[in-house]
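These are the residues of each chain, in order.
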Amino acid sequence: MPSLVGPSIPAGTPAATGHPALPVGEEALLRPWLRTDAAAVLEAFRDPAIQRWHVRRADSVAEAEEWIAAWQAEWTAGTGAHWALVDAADGGTLLGRVALKAFDLQDGTAEIAYWTVPLARGRGLCPSAVTVVTQWAMDAWGFHRIALEHATANHASCRVAEKAGFAVEGVRRSAWLQADGRHDVHLHARVRTD
Ligand SMILES: CC(C)(COP(=O)(O)OP(=O)(O)OC[C@H]1O[C@@H](n2cnc3c(N)ncnc32)[C@H](O)[C@@H]1OP(=O)(O)O)[C@@H](O)C(=O)NCCC(=O)NCCS
């Protein structure tokens, strides 16, 4: 049946866009993932806080390389956008990750996810990087709404959402099954008109 509404974002738009590097202030840079980041990803997943809020673990550099290959493939397919957050001074030291996923080009919506390594925490880097990616996705691709979800028990992540301007919309009760059991989930979002 024909749709009454045209797509918010024309099909193929993300896949047709080159993967940009985006500065985050003067100290950090969001850049495409490289296979050579695998050892640093493996190290990041040794951090208990990162592991606590993810349902997969990495056991080897080879597994981390497979993740990176999958993140790169999502950009090529136009189904996801994954950036490594690195030290701007050397372009290599891994500080974190920001990703856009769950693209819905018809409605113009996506979701954002992130982590930072322990040494990079506590200086507002993640909210700044989330703000940069959100603004870029709205300006370059025309996304209208970016959602952000975190377990209600993850207070640091809630602060990231608040500082990046993602308004709280509600609680999805028992929505996530993590390694330590079920969690209620806070839904936040930013829309282009905010
Ligand atoms: C949540 C996370 C991304 C925050 O990144 P960040 O770059 O430290 O962000 P901020 O500097 O803005 O700090 C956010 C909050 O983290 C907490 N925090 C501050 N310093 C911290 C530190 N050294 N170590 C851990 N948490 C810290 C504070 O609650 C802070 O809020 P505040 O600004 O009101 O004090 C990071 O702690 C992380 O990767 N955690 C593990 C993975 C995770 O939770 N990912 C999100 C899943 S939804």
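Data block above holds the structure.
These numbers were taken from a predicted model, which means no experiment stands behind them. (Residues numbered from 1 in each chain as written. Predicted model: local features only at pLDDT ≥ 70, side-chain atom pairs only at ≥ 80, totals over all residues. Heavy atoms only, no water.)

> Hey, could you go over the layout of surface pockets for me, with residue numbers and the actual values?
A volume near 1200 Å³ is recorded for the largest pocket. Around the largest pocket sit 40 residues that line it, and W53, H54, A113, Y114 and W115 are the ones nearest its centre. At the level of elements, α2 (48–52), α3 (61–77), β4 (94–104), β5 (109–116), α4 (125–141), β6 (145–151), α5 (155–163) and β7 (167–178) are the ones that each hand at least two residues to the lining of the largest pocket. Per element, the largest residue contribution to the lining of the largest pocket is six residues, and it comes from β5. The class makeup of the residues in the lining of the largest pocket is 22 nonpolar, nine polar and nine charged. (1 Å grid on protein atoms, 1.4 Å probe; cavity = no way out; pocket = protein on both sides within 12 Å on 5 of 7 lines; lining within 4 Å. Points joined across faces, edges and corners; volume = space filled by probe spheres on them. Helix = DSSP H or I, 4+ residues; strand = E, 2+ residues; numbered from the N terminus. Nonpolar A, V, L, I, M, F, W, Y, C, P; charged D, E, K, R; others polar.)

> Could you give an account of the site of the ligand, with specific residues and numbers?
Taken together, 21 residues sit near the ligand, with T116, G124, N154, R159 and K163 positioned nearest. Within the backbone of Y114, one N or O atom sits 3.1 Å away from a nitrogen atom of the ligand. Coverage of the ligand by the protein amounts to 72% of the 900 Å² it exposes when considered alone. Of the pockets mapped on this structure, the ligand occupies the largest pocket. Of all the secondary structure elements, the ones that give two or more residues to the shell around the ligand are α2, β5, α4, β6 and α5. For the shell around the ligand, the leading source of residues is α5, giving five residues. Per-class residue counts for the shell around the ligand are 10 nonpolar, six polar and five charged. (Near = heavy atom within 4 Å. Polar contact = N/O pair within 3.5 Å; in protein donor to acceptor, adjacent residues only side chain to side chain. Areas by Shrake-Rupley, 256 points an atom, 1.4 Å probe, with all protein chains shown as cover. Sits in = over half its atoms within 2 Å of the grid points.)

> With reference to specific residues and values, describe the environment of A151.
Mapping A151 onto the fold places it in strand β6. A relative accessible area of 1% means that A151 is categorised as buried. In contact with A151, other than residues within four places in its own chain, are W53, W176, H183, D184 and V185. (Buried < 20%, exposed > 50% of the residue type's maximum accessible area, 1.4 Å probe, protein only. Contact = heavy atoms within 4.5 Å.)

> Let's hear about the sheet that holds β4: which residues, and what values?
Taken in spatial order, the eight strands make up an open sheet running β1-β2-β3-β4-β5-β6-β8-β7, and their pairing is mixed. Edge strands, defined here as strands with exactly one partner in the open sheet, are β1 (22–24) and β7. Recorded for the sheet is a direction-independent mean angle of 30° between the axes of neighbouring strands. Here β7 runs beside strand β8 (residues 181–191); their pairing, made up of eight bridges, is antiparallel. Looking across to β8, one finds that Q178 is bridged to G181. (Pairing = 2+ DSSP bridges. Axes fitted to C-alpha atoms, helices over the stretch in contact; angles between N-to-C directions.)

> So what's going on with the state of the cysteines? Which residues, and what values?
One pass over the full model with this rule turns up zero disulfides. Looking at the unpaired C126, the closest cysteine sulfur is the one in C158, lying at 13 Å. Its relative accessible area of 10% is what places C158 among the buried residues. (Disulfide = S-S within 2.5 Å.)

> Provide a residue-level description of the nonpolar core, including the pertinent values.
Residues L30, V41, W83, L100, I112, F143 and I146 are the most contacted members of the largest nonpolar core, which totals 51 residues. The leading source of residues in this core is α4, at nine residues. In contact with I146, other than residues within four places in its own chain, are L100, A110, E111, I112, T134, A137, M138, F166, H188, A189 and R190. (Core = buried A, V, L, I, M, F, W, Y, C linked by side-chain atoms within 4.5 Å.)

> Explain α4 residue by residue, including any values.
In this model, α4 (17 residues) spans 23 Å end to end at C-alpha, consistent with the 24 Å of a helix rising 1.5 Å per residue. Three or more residues of α4 are buried, namely L125, C126, P127, A129, V130, V133, T134, W136, A137, M138 and W141. Count one or two residues on from α4 and you reach G142, which has phi positive near 85°. (Expected span 1.5 Å × (residues − 1).)

> Could you give me a rundown of the pattern of salt bridges, with the residues and numbers involved?
If the charged atoms of two oppositely charged side chains come close together, the side chains can form a pair. By the definition in use, this model includes nine salt bridges. Between R31 and D37 there is a salt bridge, with the nearest N and O atoms lying 2.9 Å from each other. By relative accessible area, which is 10% here, R31 ends up buried. (Salt bridge = Lys/Arg side-chain N within 4 Å of Asp/Glu carboxyl O.)

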